[in-house]
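Read off the chains here:
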Amino acid sequence: MKFRKLTVLFAVLCIAALLSAPTTANAYPDRPITYIIGWATGGGSDLVSRVLCAEAEKHLGQPIVIVNRPGGSGAKAYVEISQARPDGYTIGNTTGTISTHKFMGVIPIGHEAFEVVITFNSDPGALWVKKDAPWKTLEEFVEDARKRPEEIVVAASNPGSITRLGLQLLEVKEDIKFRIASQAGGESAGPGLVAGGHVDACQAAPVTAKSLYDAGEIRPLGVQSEVRVDAFPEIPTFMEQGYDVVMHNTRQILAPKGTPKEVVDKLYQAFKAATKSETFVKFMNESGSMILDWDQQKSTEFLTAQDEQFKELLQQVGLYKEAK
Amino acid sequence: MLLAALETVFTLKMIALIFGGSALGIIVGALPGLSATMGMALMLPVTFYMPPSEGILMLLGLYTGAVFGGAYSAILLNIPGAPPSVMTSLDGYPMSQRGEAGRAISLATVGSTLGGIAGIIALIIIAPILARFALRFGPAEYTVLAVFGLSAIVAVSGKSLARGFAGVSLGVLLSTVGMDHFTNISRFTFGSIELMSGINFIPVVIGLFGLAEVISQILETAKEGVIYKTIKHLFLSRSDFLKVLKGFLPASFIGIVIGVLPGAGGTIASIISYNQAVQSSKEPEKFGTGIPEGIIASETANNASVGGAMVPLLTLGVPGSSPAAILLGALLIHNLRPGPILFTTQPMLINTIFIGLMVAQFSLLLWGFATAKIAPWILAVRREVMLPAIALLCVVGSFALKNSFFDVGIMLVSGIAGFFLNKLGVKPGTVILGLILGPMFENNLRSTIEISGIAPVFTSPICIVLWILTAIMILYPICRMLRLKKCESE
Amino acid sequence: MLTKNPSTLLGSLLVLFSAGVLYLVSRFSEAAETFRSLSPRFFPEYMGYALLLFGSVIFLQGVRRPRAPVFEVRPSRKSVLQAVSFTMLVGALLYFLPIAGFVVSSCLFMILAQLLLEEKRVLVNLLRTGTFVFAMHYLFSTLLRVPLPRGPWGF
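What you see is a predicted model, and the numbers here were worked out from it, not measured in a lab.

Visitor: Can you walk me through the overall build of chain C in this structure?
Guide: On a plain count of helices and strands, chain C comes out with 5 helices and 0 strands. Starting at the N terminus and ending at the C terminus, chain C contains elements arranged as α-α-α-α-α. Across the 155 residues that make up chain C, the buried fraction comes to 40%. Accessible area for chain C stands at about 8,800 Å²; split by element, carbon and sulfur atoms hold 70% of it.

Laid out in structure tokens, this is it:
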């Protein structure tokens, strides 16, 4: 008798659950949005995205659930986002690797497989040396490298990473060669290696190096942006010092191709508002990172140009692989 | 200044936040698959709108609780709930299988608290010195550190050294799966994009320790639920407490030193501490059967590493561990940049952090003893529901890590393989040792060679010290074995 | 002798496995050899050799001194079947998770697993399942905000 009642209750619950399955006519968003980060929890991209999403949630009215999917510097995440349903409930972020992976044969897709919602962040590359290093300016450093090829040890992440490409761009343009070393601890270990005297210099975004820079352990020779970075007005750019080297690592938010334009617009508005929020601005200023808010069109144009730049650079350093 | 900080911390709200944070942390730590980093990342948005001291203290409570919480599932279910507790299960689980789960939890509680306090004292007093020390660790030093950690093979192998070496080799081999990030070459990935990022060691741990044990228990017919002995004293028995006092100094020292190094945290600290405890004990063969010294060594070290990880974070702004990286983020959001500047511009906050951390350690005492009597009741649950529940927990835990079904698959395969390997005499601890330390060894060795060739590995002063320590760790037990054999033959 | 003696069994398995590993290592791409640092082949190769070496050592140990048999008490046929079915059930859970979502798959798993382990009381079974799955869902999905797989029915 009791068993029968339970069965009926169970059946009723099932039917109720089925009936409450979401229908398509509701306004977007009507349930939580999944945000995929292709990097590990606690890393640079992770923290920036978490702060941004926490603010964007308020403008969207639905929680954004963050999922970390580390693997291949974003490769796994890109593939997953591109294959998700284009209904606006699965989005994720990128770094510059969206333009390098397809040219290195890591994954077959690039930014064309997505709707780019917004570009929200940019970190230029920079060159750092120990506080008491013999080179006082970028020029001294470059000329020294010219005299002793393959001798100055520079830590620069791993092959194919944006960090390393920034350094290799300098090599290519000036026809010099450093002894480039990979770090075991990932991109953020570079400044530590310089401060400890294990390497001569490192290539790192100001964000990564800010702590040790503020502590006075290391100093920059130059930053690879077009104009001086707001958070570091005292660092001269490469261009000012006569070297035509510009390299940024930008972050975008992607949605699968085919996501309706209204959805993309709504997302853009929400995230744009988030970039203006006090919390985010404070965080980015304190980290030393640049905030942007480029919409889909500008972002797509930028990415197309970036593709070209990286393709050429990768060919020059010998990492280019023909797409299969 | 100190007085003002004390006033700030000892308000009802703050204490509640710290204790609440650590309770949440214990839950996060106890659930397999969830780690301190994840828990803190999830709580991060909550701290945005709190005054910085409140938010930071809550996160610190979480961190402390999570590192300790892993001991619960390690002791009760043989599944280390968080990576730093891997070594705890080696002695914690056998102890709980004997019916002394409450004792094990009490040991873990006191050990963790004392280790944590030691870590904080080190943080307060010698932080700048430790920070300098941390900077001197380059790839060469990490390489030899990894070798030193690997010398724990001898401690974890049990009876057969050959099997121990085989297990570690297997672990190192597994750690090489994936895209090699020095050269972008895929190793053992069979074209799968999932395998490209390598085999994450948490699902392997869950499978090897948890699922394998479940399968093993099914095979043992009609096993009664373990009868737990109620602990007579709420606190530790006198002899146990003496053992804690004896063991906590070396363990804390190791925990602090390793915690200070970015790139090495509670997990490696507990491995090295466990190894040290085995080698310096008069009865090394008892380790792994459920003795208090094993639990003490592991839990004290991993909580001491929390204080250690805070050293580079507060003095240089460089996080000493992943959870510390989240703390860095939390500080940045409030416009606070840790580093020497923070010490001079915000001494109040720094003192608040120190005191709050201390309070967090005492919260462990509260939660630990409160649950020491109750938690073992889990073991009395009947196996028909216990085993499926543990299996489900293993599945969900492996999934939750990276939202990946593939990880669950890895857990399943490790569980099956682990069961067979265990039955054939290869201890799971050895495989985990290889899996954790393999990448540290390989990547740092290759980095050293790229920077300067292999020379520093043998010439740098820190490396030489570590080599000597490694030699002691390996030769000492051999000498002892030979001496024993000599005694026997006389 | 081969199957009754755990050492020879383990030894031979390891030797075979290491052969497979060494074969795979030899197929690694050549492109890495240009880099200054240690080849990516180095470690896997030497670990392969290590497994070969230790596998042989263990095998020989087994031949010289037969160890205690693998199982202290030979497990009954029933428990072997139970163990295998249980493992397959976990595999099925993994398979159905992405399809049917967490709640449904876990409930089915718990119910069937308990039946497998001889829980004859149906009501108790269902109650335990309901409580446990609900607790897990609440803990992970609501409290910790870890998204659990959803089925086509939204939960």
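Visitor: How should the domain arrangement of chain C be read in this particular structure?
Guide: Much of the literature gives interface size as the accessible area that the parts lose upon coming together. Looking at chain C, the domain boundaries give domain 1 (6-64) and domain 2 (77-143). The distance between the C-alpha centroids of domain 1 of chain C and domain 2 of chain C comes to 39 Å.

Visitor: Which parts of the structure should I look at to understand a nonpolar patch on the surface?
Guide: All names here are of chain B. Residues Ile-464, Val-465, Ile-468, Leu-469, Ile-472 and Tyr-476 make up a contiguous nonpolar surface patch of about 520 Å² in total accessible area. When you line up the elements, Val-465 lands in helix 22 (residues 461-489). Taking the relative accessible area as the measure of exposure, Val-465 reaches 47% and is therefore partly exposed.

Visitor: Even after reading the chapter, I still don't get the interface of chain B and chain C, so can you show me in this structure?
Guide: Contacts between chain B and chain C engage 60 residues on the former and 67 residues on the latter. Of the roughly 5,600 Å² buried between chain B and chain C on both sides combined, carbon and sulfur atoms contribute 83%. The largest per-residue losses of area from chain B upon contact with chain C belong to Arg-163, Leu-392 and Leu-424 of chain B, which jointly make up 11% of the total buried on that side. Between chain B and chain C we count 2 residue pairs in polar contact (both at pLDDT 80 or more) in total.

Visitor: Just to check I follow, could you spell out the sheet that holds strand 9 (residues 218-223) of chain A for this structure?
Guide: Paired through backbone hydrogen bonds, the strands of a sheet run either parallel or antiparallel to each other. All names here are of chain A. Taken in spatial order, the 5 strands line up as 7-6-8-5-9 in an open sheet, and their pairing is mixed. Edge positions in the sheet fall to strand 7 (179-181) and strand 9, since each has one partner strand and no second. The sheet shows a mean angle of 30° between the axes of neighbouring strands, direction not considered. Pairing analysis gives 5 bridges linking strand 5 (residues 126-130) to strand 9, with the strands arranged antiparallel. Across the sheet, the residue bridging to Val-129 is Arg-219, located in strand 9. Contacting strand 5, strand 6 (153-155), strand 8 (201-203) and strand 9, helix 5 (residues 138-147) runs over the sheet at an angle of about 85° to strand 5. Running over the sheet, helix 6 (residues 162-174) touches strand 5, strand 6, strand 7 and strand 8 and is turned about 175° from strand 7.

Visitor: Mind showing me how you'd approach unusual backbone geometry here?
Guide: Excluding glycine, residues mostly have negative phi values, and the peptide bonds linking residues are mostly trans. Residues and elements named next belong to chain B. For Phe-188, which is not glycine, the phi torsion reads 55° and is therefore positive. Secondary-structure assignment places Phe-188 in the loop between strand 2 (185-187) and helix 10 (193-196). A positive phi angle, near 65°, is found at Asn-335, a position not held by glycine. Tracing the sequence through the fold places Asn-335 in the loop between helix 15 (322-333) and helix 16 (340-345). Owing to a relative accessible area of 34%, Asn-335 belongs among the partly exposed residues under this scheme.

Visitor: Looking at this structure, I do not really get the sheet that holds strand 3 (residues 90-93) of chain A. What am I missing?
Guide: Residues and elements named next belong to chain A. The strand order across the open sheet formed by 6 strands is 2-1-3-10-4-11, and the pairing between neighbours is mixed. At either end of the open sheet lies a strand with only one pairing partner, and these are strand 2 (64-68) and strand 11 (290-294). For this sheet the average axis-to-axis angle between neighbouring strands, irrespective of direction, equals 20°. When strand 3 meets strand 10 (residues 248-256), the two strands line up antiparallel, connected through 2 bridges.

Visitor: Would you mind showing me how to read the pairing of strand 2 of chain A here?
Guide: Two faces belong to every sheet, and in a regular strand the side chains alternate between them. Residue and element names in this part refer to chain A. The buried count for strand 2 comes to 5 of 5 residues, which makes it a mostly enclosed element. Here strand 2 shows no split at all, with Ile-64, Ile-66 and Asn-68 on one side and Val-65 and Val-67 on the other all buried. Between the parallel pair strand 1 (residues 33-37) and strand 2, the chain is carried across by helix 2 (residues 44-60), and the sense of this crossover is right-handed.

Visitor: What should I look at first to understand helix 7 (residues 139-150) of chain B in this one?
Guide: Because each turn of an α-helix spans 3.6 residues, side chains separated by three or four positions in sequence point in the same direction. Residue and element names in this part refer to chain B. Its 12 residues give helix 7 an end-to-end C-alpha distance of 16 Å, which sits within 8% of 16 Å, the value for a rise of 1.5 Å per residue. With 12 of its 12 residues buried, helix 7 lies for the most part within the structure. Among all positions of helix 7, only Pro-139, Ala-140, Glu-141, Tyr-142, Thr-143, Val-144, Leu-145, Ala-146, Val-147, Phe-148, Gly-149 and Leu-150 are buried.

Visitor: How should the packing of helix 2 (residues 12-30) of chain B against helix 4 (residues 52-77) of chain B be read in this particular structure?
Guide: In helix packing, the relevant descriptors are the interaxial angle and the interaxial distance, both defined with respect to the helix axes. Residue and element names in this part refer to chain B. Where helix 2 meets helix 4, the axes come as close as 5 Å, and the angle between the chain directions of the two elements is 35°. The two elements helix 2 and helix 4 meet at a crossing, and its hand is right-handed. In terms of residue class, the contact of helix 2 with helix 4 is built from 12 nonpolar, 10 polar and 2 charged.

Visitor: Is there a simple way to explain helix 2 (residues 42-64) of chain C in this structure?
Guide: The end-to-end C-alpha separation of helix 2 of chain C is 33 Å, in line with the 33 Å expected for 23 residues at 1.5 Å each. Listed as buried for helix 2 of chain C are Phe-43, Pro-44, Met-47, Gly-48, Ala-50, Leu-51, Phe-54, Gly-55, Ile-58 and Gly-62 of chain C.

Visitor: Where do I start with the pattern of salt bridges in this structure?
Guide: When their charged atoms lie close together, side chains carrying opposite charge are able to pair. What the rule picks out here adds up to 29 salt bridges over all chains. When salt bridges with common partners are traced through the structure, they connect Arg-98, Glu-100, Arg-103 and Asp-240 of chain B into a single cluster.

Visitor: What exactly am I supposed to notice about the packing of aromatic side chains here?
Guide: How two aromatic rings sit relative to each other is given by the distance of their centres and the angle of their planes. Tallied over the entire structure, the rule returns 26 aromatic pairs over all chains. Here the aromatic rings of Trp-135 of chain A and Phe-141 of chain A are separated by 4.9 Å at their centres, their planes lie at 90°, and the arrangement is edge-to-face. Classification of Trp-135 of chain A as buried rests on a relative accessible area of 7%. Note on Phe-165 of chain B and Phe-54 of chain C: the rings are 5.1 Å apart at their centroids and 15° apart in plane angle, and the pair reads as stacked. Within this pair, whereas Phe-165 of chain B is found in helix 9 (residues 161-175), its partner Phe-54 of chain C is found in helix 2, the two belonging to separate chains. Taken together, the ring pairs in this structure connect Phe-441 of chain B together with Phe-42, Phe-43, Tyr-46 and Tyr-49 of chain C into an aromatic cluster. For Arg-31 of chain A, the ring lying beneath its charged end belongs to Tyr-89 of chain A, and the centroid distance is 3.9 Å.

Visitor: For this particular structure, what's the right way to read the pairing of strand 1 of chain A?
Guide: All names here are of chain A. Across the 5 residues of strand 1, 4 count as buried, placing the element largely inside the fold. With 5 bridges joining them, strand 1 and strand 2 adopt parallel strand pairing. The partner of Thr-34 across the bridge, within strand 2, is Val-65. Bridge count for strand 1 against strand 3 is 3 bridges, and the pairing is parallel. Considered in strand 3, the bridge of Thr-34 is made with Thr-90.

Visitor: Help me out: how do you make sense of the confidence of the model for chain C in this one?
Guide: Any segment with low pLDDT has predicted coordinates that should not be analysed in fine detail. The pLDDT averaged across chain C works out to 81; a share of 86% of its residues lies at or above 70. Under the prediction, the complex receives an ipTM of 0.88, its pTM being 0.85.

Visitor: What's the story with the side chain of Ser-447 of chain B in this structure? I'm lost.
Guide: Along the chain, the position of Ser-447 of chain B falls in helix 20 (residues 428-452). A relative accessible area of 0% means that Ser-447 of chain B is categorised as buried. At 2.6 Å, the side chain of Ser-447 of chain B forms a polar contact with the backbone oxygen of Ser-182 of chain A. Discounting residues that sit within four places of it in the chain, Ser-447 of chain B has contacts with Ser-182, Gln-183 and Ala-184 of chain A together with Pro-139 and Phe-182 of chain B.

Visitor: When you look at the nonpolar core in this model, what are you seeing that I'm missing?
Guide: In summary, soluble globular proteins display a tendency toward joint burial of nonpolar side chains. Membership of the largest hydrophobic core comes to 158 residues, with the highest contact counts inside it found for Tyr-35, Phe-141, Phe-178 and Phe-271 of chain A. For this core, the element with the most residues is helix 4 of chain B, which contributes 9 residues. If you count residues domain by domain, this core takes at least three from each of domain 1 (32-122 + 249-316) and domain 2 (126-241) of chain A. Residues in contact with Phe-178 of chain A, not counting those within four places in the same chain, are Phe-141, Ala-145, Glu-150, Ile-152, Val-154, Leu-167, Leu-170 and Glu-171 of chain A. Core analysis: the next-biggest nonpolar cluster, separate from the first, contains 75 residues, Met-87, Tyr-274 and Leu-424 of chain B together with Leu-38 of chain C among them.

Visitor: Is there a simple way to explain the domain arrangement of chain A in this structure?
Guide: All names here are of chain A. You can read the domains of chain A as domain 1 (32-122 + 249-316) and domain 2 (126-241). Measuring from the centre of the C-alpha atoms in domain 1 to the corresponding centre in domain 2 gives 26 Å. At the junction of the two partners, domain 1 supplies 16 residues and domain 2 supplies 10 residues. Regarding the contact of domain 1 and domain 2, the summed buried area is about 1,100 Å², with carbon and sulfur atoms giving 75% of it. When the buried area of domain 1 at its contact with domain 2 is split by residue, Gly-288, Met-290 and Leu-313 rank highest and sum to 38% of it. Here domain 1 and domain 2 share 1 salt bridge between them. With a closest N to O distance of 3.9 Å, Lys-210 and Glu-286 form a salt bridge. The interface formed by domain 1 and domain 2 contains 1 residue pair in polar contact (both at pLDDT 80 or more). Counting residues per element, the ones that place at least two in the side of domain 1 that touches domain 2 are helix 4 (97-100), helix 10 (278-287) and helix 11 (296-317). Among the elements that take part in the side of domain 1 that touches domain 2, helix 11 stands out by supplying 5 residues, more than any other.

So, how was this worked out
Residues numbered from 1 in each chain as written. Chains lettered and ligands numbered in written order. Predicted model: local features only at pLDDT ≥ 70, side-chain atom pairs only at ≥ 80, totals over all residues. Heavy atoms only, no water. Helix = DSSP H or I, 4+ residues; strand = E, 2+ residues; numbered from the N terminus. Buried < 20%, exposed > 50% of the residue type's maximum accessible area, 1.4 Å probe, protein only. Areas by Shrake-Rupley, 256 points an atom, 1.4 Å probe, with all protein chains shown as cover. Domains from an automatic or database assignment. Patch = residues over 30% accessible without salt bridge, like charges linked within 9 Å, V, L, I, M, F, W, Y side chains within 5 Å. Salt bridge = Lys/Arg side-chain N within 4 Å of Asp/Glu carboxyl O. Contact = heavy atoms within 4.5 Å. Buried area = accessible area lost by both parts, 1.4 Å probe. Polar contact = N/O pair within 3.5 Å; in protein donor to acceptor, adjacent residues only side chain to side chain. Pairing = 2+ DSSP bridges. Axes fitted to C-alpha atoms, helices over the stretch in contact; angles between N-to-C directions. Right-handed = clockwise from strand over helix to strand, strands pointing away. Expected span 1.5 Å × (residues − 1). Left-handed = near helix turned anticlockwise from the far one by under 90°. Nonpolar A, V, L, I, M, F, W, Y, C, P; charged D, E, K, R; others polar. Phe/Tyr/Trp six-rings, centres within 6.5 Å; stacked < 30°, edge-to-face > 60°. Lys NZ or Arg CZ within 6 Å of the ring centre and 35° of its normal. pLDDT = per-residue confidence, 0-100. Core = buried A, V, L, I, M, F, W, Y, C linked by side-chain atoms within 4.5 Å.

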